[in-house]
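Coordinate analysis (summary)
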Amino acid sequence: MNDSTPKQDGFHMPAEWAPHQGCWMIWPERPDNWRMGGKPAQDAFVAVAEAISRGEPVTMVVSAAQFANARHRLSERIRVVEISSNDSWMRDVGPTFVVNEDGELRGVDWIFNAWGGLVDGLYFPWDLDDAVAQKVLEIEQVPRYRAPLVLEGGAIDVDGEGTVIATAETMLSKGRNPDLSQEEIATYLRDYLGADKVIFLPYGVYNDETNGHTDNFCRFVAPGRVMLTWTDDADDPQWERSNAALEVLRNERDARGREIEVVKIHQPGPIYITEAESRGVDPVDGTLPRLAGDRLAGSYINSYIGNGVVVLPVFDDPHDAAAVTAYREMFPDREILTVPGREILLGGGNVHCITQQQPKGP
């Protein structure tokens, strides 16, 4: 384990659109989060893995109990490895990979406490999840930094050229790093992501149980350009949140002094949990209940930018077509592959949340 920081050693996190060695995912099975014992979610994860595998190798992390099932459901081009976990959010529990100019690869292992620990975390225990990043790095024989910061991979986004986006709603939540100021957190982000500037947006998506992760709300699509969850309905709670972010972005510059262009992507829905979907989830003390009528944090921003493809969740919603059109304009050199997003959303996230890219060195 390295005692220095990536920035000290000349490493940085590349943008997601940079070339990948592969992608990591975790198989869903937790019955108090995924309805019907996870079977509908497993169908959705298979669809995501197979779409991504058209452009890069995919590794699916699976428990011992589910190994045979996952191996049977996934095509042979998907690697299946056994690692214990508490749930299936590889973006948040897996390592953040960093590279240097010589093409070397290292990994950042953040502290994970289930999005808020005993203050407002979503489940207990989370110790198996906190160990996933180290195990992935051991498998890949990649040197590891253990960062002294509670953070999930979905809480940050980078342009690969020195700029980080995060939300204050996430980073300053009381269950993560209550003894750190915003500037102290920014220093850690710069040090461990090899960045120069952190832009804090006030909030994320309304009712996002991660306390407003930026990967569900606002992400870079190119240097100097972001996509932002939007709504035209001034009576929707999301309207104020999205406009607050727009105001910040219009008045900021990135690490290289560029103005930031904002592409507005209208949100789906609003989407609510149905009675049937709620009944399919096992109620267990200590985990977030899935109640009929609860609003889900639906978003088209929560996609995966892979080698030659972008995997985009859709919701059989009137706004699906506009989202696909926007993605084709933003990523003209990639094929836009849509996957059904509702089952993943019912678990609390979407395509980006369940994936973690392993980049190639430059």
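Residues numbered from 1 in each chain as written. Predicted model: local features only at pLDDT ≥ 70, side-chain atom pairs only at ≥ 80, totals over all residues. Heavy atoms only, no water.

Considerations on empty space enclosed by the protein
Applying the stated criterion across every chain yields a total of 7 cavities of 30 Å³ or more. One number sums up the size of the largest cavity: a volume of about 140 Å³. N33, L122, E209, R290 and G347 are the residues nearest the centre of the largest cavity, which is lined by 17 residues in total. Across the lining of the largest cavity, the residue classes tally to 6 nonpolar, 5 polar and 6 charged. (1 Å grid on protein atoms, 1.4 Å probe; cavity = no way out; pocket = protein on both sides within 12 Å on 5 of 7 lines; lining within 4 Å. Points joined across faces, edges and corners; volume = space filled by probe spheres on them. Nonpolar A, V, L, I, M, F, W, Y, C, P; charged D, E, K, R; others polar.)

Points about the sheet that holds strand β5 (residues 105-111)
Taken in spatial order, the 3 strands of this open sheet run β4-β5-β6, and their pairing is mixed. Each edge of the sheet is formed by a strand with only one pairing partner; in this case those strands are β4 (96-99) and β6 (144-150). Geometrically, the sheet is characterised by an average inter-axis angle of 30° between neighbouring strands, direction not taken into account. Relative to β6, β5 runs parallel, the two being bridged by 4 bridges. Across the sheet, I111 pairs through a bridge with V150, a residue of β6. Strands β4, β5 and β6 of the sheet are contacted by helix α6 (residues 132-140), whose axis makes an angle of about 165° with β5. Packed on one face of the sheet, helix α8 (residues 182-193) meets β4, β5 and β6 and runs near 165° to β6. (Pairing = 2+ DSSP bridges. Helix = DSSP H or I, 4+ residues; strand = E, 2+ residues; numbered from the N terminus. Axes fitted to C-alpha atoms, helices over the stretch in contact; angles between N-to-C directions. Contact = heavy atoms within 4.5 Å.)

Looking at the sheet that holds strand β11 (residues 225-230)
Pairing within the open sheet is mixed, and its 3 strands lie in the order β10-β11-β12. Here the strands that pair on one side only, and so sit at the sheet edges, are β10 (218-222) and β12 (261-266). Strand-to-strand twist in this sheet, taken as the mean axis angle between neighbours without regard to direction, amounts to 35°. In this sheet, β11 lies alongside β10 in antiparallel orientation, the contact comprising 4 bridges. The partner of A222 across the bridge, within β11, is R225. Sheet strands touched by helix α9 (residues 237-250): β10, β11 and β12. Its angle to β11, the strand with the most contacts, is close to 160°.

What about the nonpolar core?
One broad rule of soluble globular proteins: the nonpolar side chains tend to lie buried together. If you look at the biggest cluster of nonpolar residues, it comprises 49 residues, and the most contacted ones within it are M25, V48, M60, L74, V311 and I344. Filtering out sequence-adjacent residues up to four positions away, I344 remains in contact with W34, A44, F45, V48, W89, G349, N350, V351 and I354. (Core = buried A, V, L, I, M, F, W, Y, C linked by side-chain atoms within 4.5 Å. Buried < 20%, exposed > 50% of the residue type's maximum accessible area, 1.4 Å probe, protein only.)

Digging into the pattern of salt bridges
Enumeration over the complete set of coordinates arrives at 29 salt bridges. Between R219 and E16 there is a salt bridge, and its shortest N-O distance comes to 3.1 Å. Taken together, the positions of R219 in strand β10 and E16 in the segment before β1 (20-26) put the pair 203 residues apart, joining distant regions of the chain. For the pair R219 and E16, one class covers both residues: buried. (Salt bridge = Lys/Arg side-chain N within 4 Å of Asp/Glu carboxyl O.)

Here we look at the environment of K174
Relative to the elements of secondary structure, K174 occurs in the loop between α7 (168-171) and α8. Residue classification places K174 among the exposed positions, given a relative accessible area of 69%. Residues K174 and Q356, spaced 182 residues apart in sequence, show a C-alpha to C-alpha distance of 26 Å.

Remarks on the side chain of N100
Mapped onto the fold, N100 is located in the loop between β4 and β5. Residue N100 is classed as buried on the basis of its relative accessible area of 7%. A distance of 3.0 Å separates a polar atom in the side chain of N100 from the backbone nitrogen of D102. Separated by 2.8 Å, the side chains of N100 and E104 make a polar contact. (Polar contact = N/O pair within 3.5 Å; in protein donor to acceptor, adjacent residues only side chain to side chain.)

A closer look at α8
Taking 1.5 Å as the rise per residue, α8 with 12 residues should run 16 Å; its terminal C-alpha atoms sit 16 Å apart, in good agreement. Taken as a whole, α8 has its buried residues at I185, A186, L189, R190, Y192 and L193. Looking one or two residues beyond α8, the residue adopting positive phi is G194, at roughly 65°. (Expected span 1.5 Å × (residues − 1).)

Quick word on the packing of aromatic side chains
How two aromatic rings sit relative to each other is given by the distance of their centres and the angle of their planes. A full pass over the atoms with the stated rule returns 8 aromatic pairs. A centroid spacing of 5.6 Å and a plane angle of 85° characterise the contact between W34 and F45, whose relative ring orientation is edge-to-face. Of this pair, W34 sits in the loop between β1 and α1 (39-52) while F45 sits in helix α1, placing them 11 residues apart in sequence. Here W34 matches F45 in class, with each residue buried. For the cation-ring pair, R30 lies above Y123, with the distance from its terminal atom to the ring centre recorded as 4.4 Å. Its guanidinium or amino end placed over the ring of W230, K264 lies 4.1 Å from that ring's centre, counting from NZ or CZ. (Phe/Tyr/Trp six-rings, centres within 6.5 Å; stacked < 30°, edge-to-face > 60°. Lys NZ or Arg CZ within 6 Å of the ring centre and 35° of its normal.)

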